[in-house]
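What the coordinates show
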Amino acid sequence: MRVGVEVGGTFTDLVAVEDGRVIVTKVPSTPRSPDVGAFAALTASGIDLARIEDLGHGSTVATNAVLERKGAAVAFVATQGFRDLLFMQRHDRRNIYDLFYAKPAPPVRRKDCFEVPERIAADGAIDTSLDEATVRSALIPALKAGGYRAVAICLLNAYANPAHEQRLAALIGEALPDVLVTASHQVAREFREFERASTTLLSAYVQPVIDGYLHRFESKLAQSGFRGRFTVMQSNGGRLPAEAMRQSAITALYSGPAAGVVGATRQAARSGFDNLITFDMGGTSTDVCLVQEGRPSLASESEIDGLPIRTPVLDIVSVGAGGGSIAWVDDGGMLRVGPQSAGADPGPACYGKGGMEPTTTDAHIVIGTIRPGAFLGGRMTLDGAAARQAFEPLAKRFALGIEQAASSALQLADANIVRAIQLVSTERGRDPRDYALVPFGGAGPLHAARIAEELGISTIVVPPSAGVISAYGLVASDYTKFDAVTRKMKLDDAAAAEAGRVFAEMRTRLAGQFADMNLPGELVYTHTLDMRFVGQAFEVGVEIPASRLGALDAAYLAGLFADAHHRTFMHGATLDRPVEIVTLRVGATLPIGTAPRLDRETEASRGTDTTRIFHGEAWIDCIRHTAEALGPGQVIAGPAVVEGYTATTWVPPGWTATLDEADNMILRRSS
Amino acid sequence: MSQLSPLDYAVISQALIAAAREMGVKLIRSAYSTILREARDGSAGLMDRHGNTVAQAELIPMQLGPIGETLRACLRRHPADTLQEGDFLINNDPFEGGQHIPDVFIFTPIFVAGRVVGFGASVAHHLDLGGGAPGLNIHASDVYQEGLRFPPSKYDFARDWNGGSFERLVTANVRVPDLTIGDFNAQFAANAIGVLRVKQLCERYGADKVEAAMQEMQDYSERRVRAAIAQAPKGTFYGEDAVDDDGLTDEPLVVKAKVTIGDAEVEIDFEGTCGQVKRNLNCPYSSTLSAALSCVKSVLTSPDIPYNEGMARPIHITVPYGSLLNPRPPAPVRARMIPAYRAFNAVMKALAQALPDKVIATGFDSTTALCLSHLGDMGYSVYLEIFGGGYGASRDADGCDAVDSPLSNCSNAPVESLDIDYDFFRIVGYELAPDSFGLGARRGGAGFIRRCEILKDDVQLAIYSDRFRLAPEGLQGGEPGQRGYCRILRANGRVEELRSKAAVDLARGDLVEMFVGGGGGFGRLAERPDAMIERDLADGMITRDPRAARKLAAE
């Protein structure tokens, strides 16, 4: 049996899959100790832990450690003259008119930052040797006195030559064996010192927390008779065995959204779709990601709490549009939706827990797409009158009917999601019409059709159990590790050959790491070159097809780069400028083979009935189906609503919905 | 507005703002020179067909403010209806709506069904546009010595750029043509993105709705600014600050502002400001407008109000002609950020009397431009970087440490990036400066030091900065911040202190130490909580316990 347990902010979801049987469980999260909620989900599901072969876990432990500043006491060591790297940052402001601006605060105090005499040049040459005497006489006593659990080291140009970082780490390790030492070349061998320092610091900061959490989790599992493999999700869309994750904490940040993308990608692939735009609409926000040929897009940088992280993550864009997002009017008279959310408490007005503000969930009740008595498969009853009442002030303000006000709020939420999708598609040179939309999360399938219409998308793939796809992603994802090295070279045939050689080295290193993790099997590699025109500062990543790796030449690489540059910036391809390679990236994936099949969860079947939905400018009649009652191949013509346990799908006029063999519901635009 | 539903308006306006943001991102990411790509000294936006700013990528406040002025100067000569598809407009003329020579504004008309519905606009600070010295000529005594001037003019992109005559003219007159032409191309690309996005919006919603939304966005900002003005205390308030000197004499250059807050409008008059000067510290009219508007916007309104032409409508600004803040041609204007900051400070000090909770004390508030250049076998290599300093403190918070000053928003260049790109110098220190700020109930933001080691002979240094002589004042009993300095530690051990506007030759082994000071404090030091003092002591941000002096004074 394979089991995924995903700890979210509000709910902890569990998906268990065995021989076509699916168990789905939702329990409230326990933010103080997330493992309690995770074990509560396991208990609630009634699963015998001894029968689990594969347990995938995702949690917000690492993310919360940073957001709540609950990581380890950490010291930072830099090259002499640069101890303030983390406070200087990039000298810019995120909001240019804010007089009271404060920079993102790194989780370290200035008193905990130290420096050592040394300097390495950009080409890796040693300019000033590491002053070991000073390290011994000044730095180490200071580190001892500070009582740190972790030390982060980031020396200038260490990406080009890590010798000084390695030596310094060894010296500190000898003197302070209980302190965890993280050096920048271990987490991000790329140039730009502040971004690398921030990544290194955050990694050192969360590592002891993750280590402790996973250790606790593993012992509890062992006590409960678990004998399978315990794995943890990463933000890059792959997982790692828990013991390996304890060494690689930085990749655990924001793993939840990544799990959802992987789950949706796997499930859509069963129906033959591999160019996708996934969108996960939850309670407070929507996460959007573009998937090309079955592989989610990667970004080489992300941030947490304003601090940069320079490791590959799924390129997920988040907007504040979810089921709890509040519709409001600002002081200039403009209608807005989100980013403020009613959250789970008090929640939307219809929850009847004291919320008075109109939310998108309330809007759905007003227009009829959500039935007050059928939320979460009828496990929660909603107050329809409260939802209408919440929209009254907005309706009055704009002289609209209550339904029109609700409908406007929904369309505005859709527009926010559309912009997020444009950010990952049109702004990256991709046409959304070439992709199928894959909505999930509780609210996704309700909004999908309208968003598809806005973007000209004609196919939607609604996965089964759309509300718990993230938990499914935990057991459907492969094992992944990435490596990157900055090696600036002007692009010529010799550089192309050198790139091939460095790639081979990186593959060997990654293969060694998989062997160390006890993960045997054939690895699949991806190779990316970050290139730019000489003189530019931002690189464009170009993926090199595996078939061409043996014979790289300058003309071929320059051609690939010109195409990619033009796609992104709409200019540059015609410029006869020299090109340079800046960073080489290799991803190694150990495929898990066939992902377990996620079937529609079985529930007591109900029939169909008719209902009325406010669509466009009027109420229209439509049919309401129960997801569990649909048979494969059955075609439903819009307008129709399909209710499921974890999510409801809206099929507008002009669309049809068909349940296919893979249990995906495929929506197509027919007019 | 009648045909525009609240929904249409919300959706179209947000899409226009998103398009402007995308333009800004692409401008920076496809640029070539360090000043544009790393320091991000450029901006972008969308304009309506009348030349009014509609939406902007929030990059550099100074450049954003008067883009409308700059475009309208072009439209007076080349009205929208006379433009053809493929035309672009260009302007960097300080005396015709531009700011200073390096900031080149390019506008691309957006045609829908044969009619101009608006413009894609971008501006970039170009590393070198010719003139009397690489990157920065601090000795210029008129605008002609500051580089190539493009009066408001019209060119055809296909004919005149991409190997055309205009491009060749620019190429022939600049020292680093590869970078400069590359940065121009980044501007054209940014504009093209804006044009495309607006066309797509017009296709989806109709040009009339998009144009109506453009007007409503301005009305919206105007309404929000008027609402904020209505709540402010009424009256006339005065503020004053000064530039150190003009680089030739030791005479401070005084800037005065009279601010009158009415029921729904604000009037600002710079009467009493000193006359224009012989060196580059003159501030063109557009730049003065921008500084005053940025100050009023920052103080009066919440940061989420979009900056566009409507925002400026309730604010009336008068600047005497021939003064430091509205010079006659051909005055040199390269360092216009310095007097612009004093205009900003003078207006802020006036507003401080009306709205003490919404202002900050005076910060270091200067643009320090540091330019190093070297002529090698491969041609010129020019490094130009912009430094801010510490922000002033406010009633509730310490000022921001080591950040670009309020009218600008340049990033630093990563030291590792400079190590890759330049072989004639390297950065050997970059640190917060303890004790550089004014103490108070809240302290000013810290300034910082950047140390630069020269690795070759025959390197030229040019700087302009300010507050080397006149410190930023505290507010409501807060103490002043420290003054800045630029010091050369010669290889032979000699130390040279530079003036705030200076040029000097350097040789291998010399060390340049650039120090920018911190901001003024807010409120009396006696009211500073012990925990904040102890934290600063532990972190080495202050090196002496100020409570010792406090106690002594009490005894």
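Keep in mind the model is a prediction, meaning the values are calculated, not measured.

Here we take up the overall build of chain A. Check the secondary structure of chain A and you find 16 helices and 35 strands. Relative to the compact-globule value of 26 Å for 671 residues, chain A shows a C-alpha radius of gyration of 26 Å, a close match. If one aligns the C-alpha atoms of chain A with their principal axes, the spans along those axes are about 80 × 60 × 55 Å. Considering only residue pairs separated by 6 or more positions, chain A has 67% of its internal contacts joining residues 24 or more positions apart.

Bring the parts together and some accessible area is lost; that lost area is often taken as the interface size. All names here are of chain B. Here chain B is partitioned into domain 1 (6–223) and domain 2 (360–555). Computed over C-alpha atoms only, the centres of domain 1 and domain 2 are separated by 32 Å. Between domain 1 and domain 2, the residue contacts involve 20 residues of the former and 26 residues of the latter. Around 1900 Å² of area is buried between domain 1 and domain 2 when both sides are counted, 66% of it from carbon and sulfur atoms. Looking at the side of domain 1 facing domain 2, the largest losses of area belong to Pro134, Leu136 and Ile138, adding up to 28% of the total buried there. Note that Asp421 is salt-bridged to Arg37, the shortest N-O span being 2.5 Å. Across the domain 1-domain 2 interface, the total number found is 3 residue pairs in polar contact (both at pLDDT 80 or more). Within the residue set of the side of domain 1 that touches domain 2, elements represented by two or more residues are helix H2 (34–37) and helix H3 (61–64). Here the side of domain 1 that touches domain 2 takes 3 residues from H2, the largest share from any one element.

The next point concerns the nonpolar core. The tendency in soluble globular proteins is for nonpolar side chains to be buried side by side. Judged by nonpolar contacts, the single largest core of 135 residues is most densely connected at Val3(A), Phe76(A), Leu372(B), Phe425(B) and Leu461(B). Among the elements that make up this core, the one with the highest residue count is helix H7 (residues 193–223) of chain A (12 residues). Sequence-distant contacts of Leu372(B), that is, excluding residues within four places in its chain, are made with Ser381(B), Val382(B), Tyr383(B), Phe424(B), Phe425(B), Cys452(B), Ile454(B), Val459(B), Gln460(B), Leu461(B) and Leu506(B). Formed by 80 residues, the second largest nonpolar core is a distinct cluster that contains Val266(B), Ala335(B), Phe344(B) and Met348(B).

A few words now on the sheet that holds strand S30 (residues 618–626) of chain A. Residue and element names in this part refer to chain A. An order of S29-S30-S32-S33 is seen for the 4 strands of this open sheet, with the pairing classed as mixed. The sheet is open, and its two edges are formed by strand S29 (609–615) and strand S33 (648–651), each paired on a single side. Within the sheet, the average angular offset between the axes of one strand and its neighbour, ignoring direction, is 30°. When S29 meets S30, the two strands line up antiparallel, connected through 7 bridges. Paired with Thr611 across the strands is Cys622, a residue of S30.

This part is about the sheet that holds strand S5 (residues 115–125) of chain B. Residue and element names in this part refer to chain B. Ordered in space as S2-S1-S5-S4-S3-S6, the 6 strands form an open sheet in which the pairing is antiparallel. Every interior strand has two partners, whereas the edge strands, strand S2 (53–57) and strand S6 (153–156), have only one. Across this sheet, the average inter-strand angle for adjacent strands is 25°, counted without regard to direction. Where strand S3 (residues 87–91) and strand S4 (residues 103–112) come together, 3 bridges link them in antiparallel fashion. Within S4, the position partnered with Asn91 by the bridge is Phe105. With respect to the sheet, helix H8 (residues 207–231) is in contact with strand S1 (42–48), S2, S4 and S5, its orientation differing from that of S2 by roughly 80°.

Moving on to H7(A). Residues and elements named next belong to chain A. The end-to-end C-alpha distance of H7, which contains 31 residues, comes to 45 Å, matching closely the 45 Å that a straight helix rising 1.5 Å per residue would cover. At Val206, H7 shows its maximal bend, which comes to roughly 35°, and the proline Pro208 appears one to four places after that position. Gly225, located one to two residues past H7, shows a positive phi value of around 90°.

For strand S12 (residues 379–387) of chain B, the tally of buried residues reaches 7 of 9 residues, placing the bulk of the element in the interior. Between the antiparallel neighbours strand S11 (residues 368–376) of chain B and S12(B) lie 2 residues.

Quick look at the domain arrangement of chain A now. Residue and element names in this part refer to chain A. Under the domain assignment, chain A is made up of domain 1 (74–207) and domain 2 (479–590). Opposite the 5 residues of domain 1 that make contact, domain 2 presents 12 residues. Roughly 640 Å² is buried in total at the junction of domain 1 and domain 2, and carbon and sulfur atoms are behind 37% of that figure. The largest share of the area that domain 1 buries against domain 2 comes from Arg189, Glu190 and Arg192, three residues that together contribute 73% of it. For the pair domain 1 and domain 2, the number of links is 3 salt bridges. Asp483 is the salt-bridge partner of Arg189, the closest N and O atoms lying 3.3 Å from each other. At the junction of domain 1 and domain 2, the tally comes to 4 residue pairs in polar contact (both at pLDDT 80 or more). In terms of residue class, the side of domain 1 that touches domain 2 is made up of 2 nonpolar, no polar and 3 charged.

The omega torsion of the bond from Gly638(A) to Pro639(A) falls at 0°, within 30 degrees of zero and hence cis. Of note, Pro639(A) is situated in the loop between strand S31 (635–637) and strand S32 (640–643). Each neighbour pair has its own omega, and for Pro329(B) with Pro330(B) the value is 0°, a cis peptide bond. Mapped onto the fold, Pro330(B) is located in the loop between strand S10 (315–318) and helix H11 (337–354).

Taken together, the contact between chain B and chain A spans 91 residues of the former and 67 residues of the latter. Between chain B and chain A, a total of about 6800 Å² is buried, with carbon and sulfur atoms accounting for 55% of that surface. Counting the surface chain B buries against chain A, the share from its top three residues, Arg29(B), Tyr32(B) and Glu416(B), is 11%. Between Asp92(A) and Arg40(B) there is a salt bridge; the shortest N-O distance is 3.3 Å. No other element matches helix H1 (residues 6–29) of chain B, which puts 14 residues into the side of chain B that touches chain A. For the side of chain B that touches chain A, the per-class residue count stands at 47 nonpolar, 18 polar and 26 charged.

A word on the packing of helix H6 (residues 165–172) of chain B against helix H7 (residues 177–205) of chain B. Residue and element names in this part refer to chain B. It is at 9 Å that the axes of H6 and H7 come closest, and there the two elements cross at 140°. As summarised for this structure, H6 and H7 are arranged oblique, according to the angle between their axes. For the element pair H6 and H7, the recorded crossing hand is right-handed. In contact with Glu167, Val170 and Thr171 of H6, H7 contributes Pro177, Ile181 and Phe184. Looking at side-chain class alone, the contact of H6 with H7 contains 4 nonpolar, 1 polar and 1 charged residues.

A word on the side chain of Asp142(B). All names here are of chain B. Relative to the helices and strands, Asp142 is located in the loop between S5 and S6. No salt bridge forms around the buried Asp142; measuring N to O, its nearest opposite-charge neighbour Arg149 is 8.4 Å away. Here the side chain of Asp142 touches Tyr144 through a polar contact of 3.0 Å, landing on its backbone nitrogen. Polar contacts involving the side chain of Asp142 include one to the main-chain amide nitrogen of Gln145, which spans 3.2 Å. Sequence-distant contacts of Asp142, that is, excluding residues within four places in its chain, are made with Pro330, Ala331 and Pro332.

Counted by the stated rule, this structure contains 29 aromatic pairs over all chains. Both rings, one in Tyr383(B) and one in Phe425(B), keep their centres 4.5 Å apart while their planes meet at 35°; by these two values the pair is tilted. Note that Tyr383(B) is positioned in strand S12 and Phe425(B) in strand S13 (residues 425–432), a separation of 42 residues in sequence. Each member of the pair, Tyr383(B) as well as Phe425(B), carries the same accessibility label: buried. Each member of the aromatic cluster is reached from another via a ring pair, and the members are Phe88(B), Phe150(B), Tyr155(B), Phe157(B), Trp161(B), Phe166(B), Phe184(B) and Phe188(B). The ring of Tyr97(A) has Lys297(B) sitting right over it, with the charged end atom 5.0 Å from the ring centre. Above the ring of Tyr485(B), the side-chain terminus of Arg487(B) is found at 3.9 Å from the ring centroid.

Now for the environment of Tyr525(A). Residue and element names in this part refer to chain A. Relative to the helices and strands, Tyr525 resides in strand S26 (residues 524–533). In this structure Tyr525 comes out as partly exposed when scored by relative accessible area, which is 23%. It is 9.5 Å that separates the C-alpha atoms of Tyr525 and Phe482, two residues lying 43 residues apart in sequence. In this view, Tyr525 contacts Arg507, Leu510, Ala511, Val586, Gly587 and Ala588; residues no more than four positions away in its chain are not counted. A distance of 3.5 Å separates a polar side-chain atom of Tyr525 from the backbone oxygen of Arg507.

Definitions and cut-offs
Residues numbered from 1 in each chain as written. Chains lettered and ligands numbered in written order. Predicted model: local features only at pLDDT ≥ 70, side-chain atom pairs only at ≥ 80, totals over all residues. Heavy atoms only, no water. Helix = DSSP H or I, 4+ residues; strand = E, 2+ residues; numbered from the N terminus. Rg over C-alpha atoms; globule rule 2.2 N^0.38 Å. Contact = heavy atoms within 4.5 Å. Domains from an automatic or database assignment. Buried area = accessible area lost by both parts, 1.4 Å probe. Salt bridge = Lys/Arg side-chain N within 4 Å of Asp/Glu carboxyl O. Polar contact = N/O pair within 3.5 Å; in protein donor to acceptor, adjacent residues only side chain to side chain. Core = buried A, V, L, I, M, F, W, Y, C linked by side-chain atoms within 4.5 Å. Buried < 20%, exposed > 50% of the residue type's maximum accessible area, 1.4 Å probe, protein only. Pairing = 2+ DSSP bridges. Axes fitted to C-alpha atoms, helices over the stretch in contact; angles between N-to-C directions. Expected span 1.5 Å × (residues − 1). Bend = angle between axes of the 7 residues up to and from the residue. Nonpolar A, V, L, I, M, F, W, Y, C, P; charged D, E, K, R; others polar. Parallel < 35°, antiparallel > 145°, perpendicular 65-115°, else oblique. Left-handed = near helix turned anticlockwise from the far one by under 90°. Lys, Arg positive; Asp, Glu negative; His and termini not counted. Phe/Tyr/Trp six-rings, centres within 6.5 Å; stacked < 30°, edge-to-face > 60°. Lys NZ or Arg CZ within 6 Å of the ring centre and 35° of its normal.

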